[in-house]
Amino acid sequence: MCQVEEEYHGPLQREELPSVSKQCMKCKEAGAAVVIRAGDAYCRGCFKEYFIHKFRAMLGKNRLIFPGEKVLLAVSGGPSSCSMLSQVQEGLSQNAHKKLRFLPGIVYIDEGGAVGQSVEDRRRTVDQLQAVFRATGFPFLVVPLEQVLDLPSSVVLSAPGAPEWKAGAYKAAVDHFLLSDGSSGVTAQQQQETPPLEVQEAHTHSLQRLLGSARTLTAREELLNTLRQHLLVHTARSAGYSKVMLGDSCTRLAVKLLSSISLGRGAQLAHDTGFSDSRYGDIILVRPMRDYSAKEIAYYNRMFSVPSVFTAGLETKTADKSSIQRLTESFVTKLQADFPSTVSTIYRTSEKLQSCKSLASAGGDRCLLCVCALDTAAENASAFSATLISEQLSQTQSPEQSRPAPEAPPPASQCCSAVGGEACGNRGGGCCSSAEASEPPPLRSLLCYSCQLTIKDLSSEEVLPHYILSEAQRRLRRSQLREEIRDFLLEDEADEG
Amino acid sequence: MAAPVAIHLEFGGGAELLVDGVKDHHVTLPSQPEPWDVKQLLVWIRQNLLKERPELFVQGDSVRPGILVLINDADWELMGELDYQLQDQDNVVFISTLHGG
Ligand SMILES: [Zn+2]
Ligand SMILES: [Zn+2]
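Residues numbered from 1 in each chain as written. Chains lettered and ligands numbered in written order. Predicted model: local features only at pLDDT ≥ 70, side-chain atom pairs only at ≥ 80, totals over all residues. Heavy atoms only, no water.

Chain B goes by Ubiquitin-related modifier 1 in an unreviewed UniProt entry, where it is assigned to Eleginops maclovinus.

By the naming in an unreviewed UniProt entry, chain A goes by Cytoplasmic tRNA 2-thiolation protein 2 and is assigned to Eleginops maclovinus. Recorded under Pathway (unreviewed entry), the UniProt text for chain A is reproduced unchanged: "tRNA modification; 5-methoxycarbonylmethyl-2-thiouridine-tRNA biosynthesis." Heading Sequence similarities (unreviewed entry) of the UniProt record for chain A holds this comment: "Belongs to the CTU2/NCS2 family." (UniProt positions renumbered as here; feature names shortened; annotations may be inferred.)

Following this line, the structure appears as C-alpha cells:
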C-alpha cells in the first residue's frame, strides 16, 4: 500500500560542503588543487593520473574498439572533444601494455555558416584548429557543414553492421594485432594535407535558409544535431573509418538525457546517450568522455595546457528559456551547484537504458531523420495515440484548419468515428479536415515522434536537403506500391516491420 | 585602509565574450577600508568589466552555476570561495562550462 502520510523534513537543504582538507586525499602529501565530486580533493599529479586512467578504463571496460581499427575523432574545438583528443595522444604514447592500439584520425565539422559567422572568422577558427591537429600527427579532415547539402541518401539508411563479435573475438583481434607487429600502425598513416574545401556562398545561404526555417531554437538545435551527425557518419564511411568518437561529457549527457525526454525522444535515449550507438549499422558512435564532468575537463585542460578553440554556437549568449535544451542545461548546472551528486545519478541512469531490442533487430522501418527504429507504431492505448487524438481534436476547433480537404470526402460515418459525433455535427463539411489530420502528411509518416515535432516547427519541408527529400519519396513510393499489391501478397505477419 | 590590490583576471570557455572578448585583464582594485574578497571582486567586475548581460556571469552574490573559478591555479572551493581575501598579484580565472555561455 502507498503510504499516505509521508514525513517530509522541510524543504530540501543545500548539501553542506564538507570541510575539505587542503591536502590531496589520494597521496596525502601534496597540496590539493581541485575538488572533484563532493569533497574529493586531488593534487595536480594525482588528478592527472586519475583523469588518464579513466579514459583507458572506459575503453578497456567496453572492449569495443579493436586493435588496428580506424577511429575518427569528432573534434569541435570545444573543451571536451579537445580533451578527448589529448587523451588519445596520451594513450598512444604510453608504454606497451597500457598503449592504445587503434588508428586515430580527426574530423572537424565547420558550423560557422550555420551560426552566421563571417568567412574570415571561419577561416581563423579553422587555422587555429589545424595548428592543433597538425601537432598531433594524426590525419585530419576539415568539413564545412554546407557539405551536408550534397550527401547521398545512403546516409539515412542503416547499413548492415559488422558481424556480431563473438565472445573472445576481442582477444583474438588483440593477439592477431600483436603478431602482425602493430607497432608500426600509427606511423604508417600519412598526415595528408588537404586544403580546406572552399564553401560556395550559395551553399551557405541554403544552409541558413534551412536552419532559419525552424520557428523555434529548440527545433533549430535538433535539426543542426541531426545534420551534423549525418555528415559525421558519411565522412567516416567515405574515409574508411568504422568508429566515430564523440566528446560528450557526463554533464552534457545529463542535459541531453533530460532534454531528450522533454522532446519526446524517450525511445531513442539509449542510442542518444549511451557509450556506444549502433543505429547506423556499419559505423558505431562511441562516447568515451561520458565519465568526465565538465568541471574535470575544464580543470584538466587548464592545468595541462590542452588547447581548445572557442567557437560560438546557436546557444551562445542566449537566455535560459530560449530553448528546451538551454533550459535543461541551466537546470542541470544549478542542480550540480546545489546538489552535486544528483547529476551523476541522472547520468548513471543513462547507462542502464537499453534500446528496445525487438524494434531494433526486427529490421523494421527507421526514422528518416534520426535513423532510430520508429516508435510511432504504438498500440491504440499508448500515450502517443492519446497525443495524436488530442491534437486532432484541438485542430478541428481552430478556424484555420477548417479549409476543405483536397481529397474526396470519405463516407461520413467513417469520418465521424475519428473525431466523435458532436464536433462533426456542429461543423458540417469542416469535419473532413480531421480526416486529413488523422492521416499524417506523407513526410511525417516516415519520422519518429520527436522528429515529427521538429519538422512540424519548420515553416516548410521543402527546404530540407535533397538527400532527405529524395529518400522520403523513395520510401513513400515503396510503401504505396506495397499497398497496391498487398492483396496479392501472402500474409506473413512475422515479416512485417 | 587596505592598499590597492593589483590582480590578473582571466576569462575562458566563452566567458570572455561577456568582457569584450578579451581573455586577460590586469586590473588594480582601489584601496578601500576593508580587505578585498572575491565577493567584492564580483561586484567590481559587474560594475567595471561586464559590458552586457551581467546575469550570464553573476547570479546573486556569486558566479552563475557552470562558471568555474580558480584562484592561483587552485579550485576556489579549496580557497574559501567568496570569502577568500585577495592578495596583491593574485591570479583569478573564470571558465565557463556552459554551451549557452
Ligand atoms: Zn596527490
Ligand atoms: Zn527521428
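Once the structure has been displayed, the description carries forward.
Draft legend 1. Here's a closer look at the interface of chain A and chain B. Between chain A and chain B, the contact holds 28 residues from the first and 32 residues from the second. Taken together, the connections running from chain A to chain B amount to 4 salt bridges. Where Asp73(B) meets Arg302(A), a salt bridge forms, and the shortest distance between an N and an O atom there is 3.4 Å. Taken together, the links from chain A to chain B amount to 9 residue pairs in polar contact (both at pLDDT 80 or more). Contributions of two or more residues to the side of chain A that touches chain B are made by β1 (34–36), α10 (294–303) and α11 (324–338) of chain A. Examining the composition of the side of chain A that touches chain B, we find that 6 residues originate from one element, α10(A), more than from any other. For the side of chain A that touches chain B, the per-class residue count stands at 14 nonpolar, 4 polar and 10 charged. (Contact = heavy atoms within 4.5 Å. Salt bridge = Lys/Arg side-chain N within 4 Å of Asp/Glu carboxyl O. Polar contact = N/O pair within 3.5 Å; in protein donor to acceptor, adjacent residues only side chain to side chain. Helix = DSSP H or I, 4+ residues; strand = E, 2+ residues; numbered from the N terminus. Nonpolar A, V, L, I, M, F, W, Y, C, P; charged D, E, K, R; others polar.)

Draft legend 2. Region of interest: the sheet that holds strand β5 (residues 67–71) of chain B. Pairing within the open sheet is mixed, and its 5 strands lie in the order β2-β1-β7-β5-β6 (chain B). Each edge of the open sheet is held by one strand with a lone partner, namely β2 (24–29) and β6 (74–75) of chain B. One ladder, built from 6 bridges, connects strand β1 (residues 5–12) of chain B with β2(B); its direction is antiparallel. From the neighbouring strand, Leu9(B) faces β2(B), where its bridge partner is His25(B). Its contacts with the sheet place α10(A) against β1, β5, β6 and β7 (91–96) of chain B, and it is angled at close to 40° to β5(B). (Pairing = 2+ DSSP bridges. Axes fitted to C-alpha atoms, helices over the stretch in contact; angles between N-to-C directions.)

Draft legend 3. Representation of the packing of aromatic side chains. All names here are of chain A. The full count for this structure, using the stated rule, is 11 aromatic pairs over all chains. Judged by centre distance (5.9 Å) and plane angle (65°), the ring pair of Phe 47 and Phe 51 falls under edge-to-face. Of this pair, Phe 47 and Phe 51 both sit in helix α1 (residues 44–62), 4 residues apart, roughly one helical turn. The same class applies to Phe 47 and to Phe 51, which are both buried. Positioned above the aromatic ring of Tyr 241, the side-chain terminus of Lys 70 is 4.6 Å from the ring centre. (Phe/Tyr/Trp six-rings, centres within 6.5 Å; stacked < 30°, edge-to-face > 60°. Buried < 20%, exposed > 50% of the residue type's maximum accessible area, 1.4 Å probe, protein only. Lys NZ or Arg CZ within 6 Å of the ring centre and 35° of its normal.)

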